[in-house]
Amino acid sequence: GNSVTQMEGPVTLSEEAFLTINCTYTATGYPSLFWYVQYPGEGLQLLLKATKADDKGSNKGFEATYRKETTSFHLEKGSVQVSDSAVYFCALKENNAGNMLTFGGGTRLMVKP
Amino acid sequence: DAGVIQSPRHEVTEMGQEVTLRCKPISGHDYLFWYRQTMMRGLELLIYFNNNVPIDDSGMPEDRFSAKMPNASFSTLKIQPSEPRDSAVYFCASSLEIANTEAFFGQGTRLTVV
């Protein structure tokens, strides 16, 4: 079956530090890959996505590249802000498997001023 | 569109009582998902519907849980009887039946069973 593995948190960084949150996946087909963000007390929001190998998704300074050879989709940001503090979820969707998302366990990011 | 709307936002109930959570998906979306989020187990898919038909309910933890989607604009998740271990945040999400599209989540219902 499909699965997504994320690095465990919490990740604690100082403002303006570089961020990497690792994500690897297992899928039987050719999935689309997503990063969702959850701010305190809110639902999940799409942060970025990539639908095929070598695609780069980007939004709000965050980036992730779909690497088929390493089955990875690591999230990066060059300079984090306090407002980036949230829980980040990596997810995949196999387009021929019922449209359902498979989520990783989530990684909590805490950014200190 | 106002997005996926869930109600109530918070629910506190006593053990043994029936609880009904409600969801209005985004208009035109073909899929509806119910998730449960806890600290211990993370985000779990409970059940999902396609065009109002339940497709996979293998994530529903027990017979105490049931979900319905009587029409394209409304779904319910019912727990009867509720137990303290059901305390969690329950999310509803919806998506289009188009490859590569994302799911949109509601704000969630925080359920506390005392």
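Scroll up a little and you will see the structure.
The structure contained in this document is the topic of the report that follows.

Reading guide: rules and limits
Residues numbered from 1 in each chain as written. Chains lettered and ligands numbered in written order. Predicted model: local features only at pLDDT ≥ 70, side-chain atom pairs only at ≥ 80, totals over all residues. Heavy atoms only, no water. Disulfide = S-S within 2.5 Å. Helix = DSSP H or I, 4+ residues; strand = E, 2+ residues; numbered from the N terminus. Buried < 20%, exposed > 50% of the residue type's maximum accessible area, 1.4 Å probe, protein only. Contact = heavy atoms within 4.5 Å. Salt bridge = Lys/Arg side-chain N within 4 Å of Asp/Glu carboxyl O. Polar contact = N/O pair within 3.5 Å; in protein donor to acceptor, adjacent residues only side chain to side chain. 1 Å grid on protein atoms, 1.4 Å probe; cavity = no way out; pocket = protein on both sides within 12 Å on 5 of 7 lines; lining within 4 Å. Points joined across faces, edges and corners; volume = space filled by probe spheres on them. Nonpolar A, V, L, I, M, F, W, Y, C, P; charged D, E, K, R; others polar. Pairing = 2+ DSSP bridges. Axes fitted to C-alpha atoms, helices over the stretch in contact; angles between N-to-C directions. Phe/Tyr/Trp six-rings, centres within 6.5 Å; stacked < 30°, edge-to-face > 60°.

1. Let's talk about the state of the cysteines
Enumeration according to the criterion identifies two disulfides over all chains in this entry. The partner cysteine of Cys-23 of chain A in its disulfide is Cys-90 of chain A, sulfur to sulfur 1.9 Å. The chirality of the disulfide connecting Cys-23 of chain A with Cys-90 of chain A is left-handed, given an S-S dihedral of about -70°. Taken together, the residues Cys-23 of chain A in strand β4 (residues 23-26) and Cys-90 of chain A in strand β10 (residues 86-93) connect sequence positions 67 residues apart. Here Cys-23 of chain A and Cys-90 of chain A have matching classes, each one buried. Disulfide partner of Cys-23 of chain B: Cys-92 of chain B, at an S-S distance of 1.9 Å. On the sign convention where negative is left-handed, the bridge of Cys-23 of chain B and Cys-92 of chain B, at about -70° about the S-S bond, is left-handed. Of the two residues, Cys-23 of chain B is situated in strand β3 (residues 19-24) and Cys-92 of chain B in strand β9 (residues 88-95); the sequence distance between them amounts to 69 residues.

2. Focus on the interface of chain B and chain A
In this complex, chain B contributes 21 residues to the contact, which on the side of chain A involves 20 residues. Across the pair Glu-102 of chain B and Lys-49 of chain A runs a salt bridge, and its minimum N-O distance is 3.1 Å. There are six residue pairs in polar contact (both at pLDDT 80 or more) connecting chain B and chain A. Among the elements of the structure, β4 (31-38), β5 (42-50) and β9 of chain B are those that each provide at least two residues to the side of chain B that touches chain A. With four residues, the top contributor of residues to the side of chain B that touches chain A is β4 of chain B.

3. Remarks on the layout of surface pockets
Computed from the structure, the largest pocket encloses a volume of approximately 850 Å³. Those elements that provide at least two residues to the lining of the largest pocket are β10 and β12 (107-112) of chain A together with β4, β9 and β11 (109-113) of chain B. Sorting elements by how many residues they give to the lining of the largest pocket places β12 of chain A first, with four residues. What lines the second largest pocket is a set of 14 residues, among which Met-100, Leu-101 and Thr-102 of chain A together with Glu-44 and Leu-45 of chain B lie closest to the centre. Among the elements of the structure, β11 (101-103) of chain A together with β5 of chain B are those that each provide at least two residues to the lining of the second largest pocket. For the lining of the second largest pocket, the leading source of residues is β5 of chain B, giving five residues. Residues belonging to the lining of the second largest pocket are distributed by class as follows: eight nonpolar, three polar and three charged.

4. Section: the sheet that holds strand β7 (residues 56-59) of chain A
Hydrogen bonds between backbone groups are what pair the strands of a sheet, and the pairing can be parallel or antiparallel. All names here are of chain A. Reading across the sheet, the four strands line up as β3-β9-β8-β7 and stay open at both edges, with antiparallel pairing between neighbours. Unpaired on one side and paired on the other, β3 (19-21) and β7 mark the two borders of the sheet. Each adjacent strand pair in this sheet contributes to an overall mean axis angle of 15°, direction not counted.

5. A few points about unusual backbone geometry
Residues and elements named next belong to chain A. Of the consecutive residues Gly-9 and Pro-10, the connecting peptide bond is found in the cis state with omega at 0°. Assignment of secondary structure puts Pro-10 in the loop between β1 (3-6) and β2 (11-14). Even without glycine at this site, Glu-16 takes up a positive phi of about 80°. Of note, Glu-16 is situated in the loop between β2 and β3.

6. Topic: the packing of aromatic side chains
For the structure on display, the rule yields 14 aromatic pairs over all chains. Between Tyr-36 of chain A and Phe-105 of chain B, the aromatic rings sit 5.6 Å apart at their centres with planes inclined by 75°, giving edge-to-face as the arrangement. Highlighted residues: Tyr-36 of chain A in strand β5 (residues 32-38) and Phe-105 of chain B in strand β10 (residues 104-105), drawn from two different chains. By the burial criterion, Tyr-36 of chain A is buried, and Phe-105 of chain B matches it. Consider the rings of Phe-62 of chain A and Tyr-88 of chain A, whose centres lie 5.6 Å apart with planes at 40°: the pair is tilted. Here Phe-62 of chain A, found in strand β8 (residues 62-65), pairs with Tyr-88 of chain A, found in strand β10; they are 26 residues apart in sequence, far enough to count as distant. With respect to class, Phe-62 of chain A is no different from Tyr-88 of chain A; both count as buried.

On their own, these measurements won't tell you what the molecule is for.
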